[in-house]
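Structural characterization, general
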Amino acid sequence: MDMESSQHNYLQNELGLLTAFPPQHFHGCTPFKILKHWEKEDEQIVAEIMKRRFFPALISHKTWEGFHFAGHEIRITEATDCYGAVVWPSALVLCYFLETNSKQYNLVDKNVIEIGAGTGLVSIVASLLGALVTATDLPELLGNLQHNVLYNTKLKSKHQPCVKELSWGIDLEKNFPRSSCHFDYIMAADVVYHHPFLNELLLTFDHLCKNDTVILWAMKFRLKEENQFVDRFQTLFDLEMISNFPSLNIALYKAMRKGRMKASLPKCSESEI
């Protein structure tokens, strides 16, 4: 698909999302004005997000990347031969949101679980912002995840994070019993892509989410599977897009149990558009 076709399809998808909401959600702004408002902010914010990333000045035997979030320099060891051991842009988007919205989403002393934590960047930032964090992923990723979390939070975080195995949809009640596990926030970055475990992922969201749990989920749209998963996700949860980055093809969502949150779009004024 060429770039022009890709942009056309993206615009159609965005307009489809916007026009799915009744007029009162736009607060007097047309969908095109809201798109224009989003696109205006996109370039500036994406540039700021990418400034938070840095690379080693000298080549070392370990592959790592550096990031500046929550007032700390964070070093993440990666493994380029594994999808789950690489920092993807969706994680940076979520980290930037947590840092810049720390008053509205105050994580101090909140119970947070990250599913599909990968290298642990989101869990590390949440921990540095004061949360009690449980970082989870597949067993083969836990060694690198544990290393990154410990290296970047020891003697820096209010609460030492916990690293725990979580294979989506498997032994959920055994490992995360509903009666004793309560999470204020579920965080996820780039967990939806072309893999055969989307049913299990939805089961995992459903199991971990209580009535007052807030899900913060950053997703890169690549294929139709992402749109289909969003449709299925909305059968269980109310979903609100809280940030959008067209140049990255990434959207950041807030979700809660059905009936626990009214979906809304940001207000815009004439001066902003």
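Residues numbered from 1 in each chain as written. Predicted model: local features only at pLDDT ≥ 70, side-chain atom pairs only at ≥ 80, totals over all residues. Heavy atoms only, no water.

When you tally the buried positions in helix α4 (residues 121-128), you get eight out of eight residues, the bulk of the element. Burial in α4 covers these residues: L121, V122, S123, I124, V125, A126, S127 and L128. (Buried < 20%, exposed > 50% of the residue type's maximum accessible area, 1.4 Å probe, protein only. Helix = DSSP H or I, 4+ residues; strand = E, 2+ residues; numbered from the N terminus.)

As a further point, take the environment of H159. By the secondary structure assignment, H159 is in the loop between α5 (142-153) and β6 (162-165). In this structure the C-alpha to C-alpha distance between H159 and L129, which are 30 residues apart in sequence, comes to 9.8 Å. The contacts of H159, once residues within four sequence positions are left out, are D109, S127, G130, A131 and L132. There is a polar contact of 2.7 Å between the side chain of H159 and the side chain of D109. (Contact = heavy atoms within 4.5 Å. Polar contact = N/O pair within 3.5 Å; in protein donor to acceptor, adjacent residues only side chain to side chain.)

Let us now look at the nonpolar core. Of all hydrophobic cores here, the largest spans 46 residues; its most connected members are I74, L94, L98, L107, L121, M187 and L216. If you tally residues by element for this core, the top one is helix α3 (residues 89-100), at eight residues. Residues contacting L121, with those up to four places away along its chain left out, are F67, I74, I76, V87, L92 and C95. In this structure, L202, C209, W217 and F237 belong to the second largest nonpolar core, which totals 31 residues. (Core = buried A, V, L, I, M, F, W, Y, C linked by side-chain atoms within 4.5 Å.)

What follows is about the packing of aromatic side chains. Counting across every chain of the model gives ten aromatic pairs. For the ring pair F205 and F233, a centre distance of 5.4 Å and an interplane angle of 85° mean the geometry is edge-to-face. Placement of F205 in helix α7 (residues 198-208) and of F233 in helix α8 (residues 224-233) is noted, with a sequence separation of 28 residues between them. Judged on exposure class, the residue F205 and its partner F233 are both buried. Measuring from ring centre to ring centre gives 5.8 Å for W217 and F229, while their planes differ by 90°; the resulting arrangement is edge-to-face. Remark: F229 occurs in helix α8 and W217 occurs in strand β8 (residues 214-220); sequence separation between them is twelve residues. Taking relative accessible area as the criterion, F229 reaches 1% and is therefore assigned buried. A network of ring pairs unites the aromatic residues F205, W217, F229, F233, F237 and Y253 as a single cluster. Lying across the ring of F176, K164 places its NZ or CZ 4.3 Å from the centre. (Phe/Tyr/Trp six-rings, centres within 6.5 Å; stacked < 30°, edge-to-face > 60°. Lys NZ or Arg CZ within 6 Å of the ring centre and 35° of its normal.)

Before going further, it helps to spend a moment on the sheet that holds strand β2 (residues 64-69). Through backbone hydrogen bonds, the strands of a sheet pair up, either in parallel or in antiparallel fashion. Read from one edge to the other, the open sheet built from three strands follows the order β1-β2-β3, with strand pairing classed as antiparallel. Across the chains shown, the open sheet's two edge strands, defined by having one partner strand only, are β1 (53-54) and β3 (72-77). When β2 meets β3, the two strands line up antiparallel, connected through six bridges. Bridge assignment links F67 to a residue of β3, and that residue is I74. Its contacts with the sheet put α4 on β2 and β3, and the angle it makes with β3 is roughly 155°. (Pairing = 2+ DSSP bridges. Axes fitted to C-alpha atoms, helices over the stretch in contact; angles between N-to-C directions.)

A few words now on the packing of α3 against α4. Running from amino to carboxyl end, α3 crosses α4 at an angle of 10°, the nearest separation of the two axes being 9 Å. Here α3 is positioned roughly parallel relative to α4, judged by the angle of their axes. Packed against α3, whose contacting residues are A91, L92, L94, C95 and L98, the element α4 presents L121, V122 and V125 at the interface. Looking at the contact of α3 with α4, its residues break down into eight nonpolar, no polar and no charged. (Parallel < 35°, antiparallel > 145°, perpendicular 65-115°, else oblique. Nonpolar A, V, L, I, M, F, W, Y, C, P; charged D, E, K, R; others polar.)

Within the secondary structure, R257 is located in strand β10 (residues 250-257). Ignoring any residue separated from it by four or fewer positions in sequence, one finds R257 in contact with R178, D206, C209, K210, N211, L236, F237 and D238.

The subject of this paragraph is the sheet that holds strand β7 (residues 185-189). With mixed pairing, the seven strands of this open sheet are ordered in space as β6-β5-β4-β7-β8-β10-β9. Two strands bound the open sheet, and with one partner strand each, they are β6 and β9 (237-245). Going from strand to strand, the sheet's axes swing by 20° on average, the running direction of each strand aside. The pairing of strand β5 (residues 132-137) with β6 spans four bridges and is classified as parallel. By the bridge assignment for β6, T136 is matched with K164.

Right, let's talk about the side chain of S90 for a bit. Structurally, the position occupied by S90 is in helix α3. Take S90: its relative accessible area is 0%, and that puts it in the buried class. Those residues in contact with S90 that lie beyond four places of it in its chain are A189, D190, A218, M219, K220 and I250.

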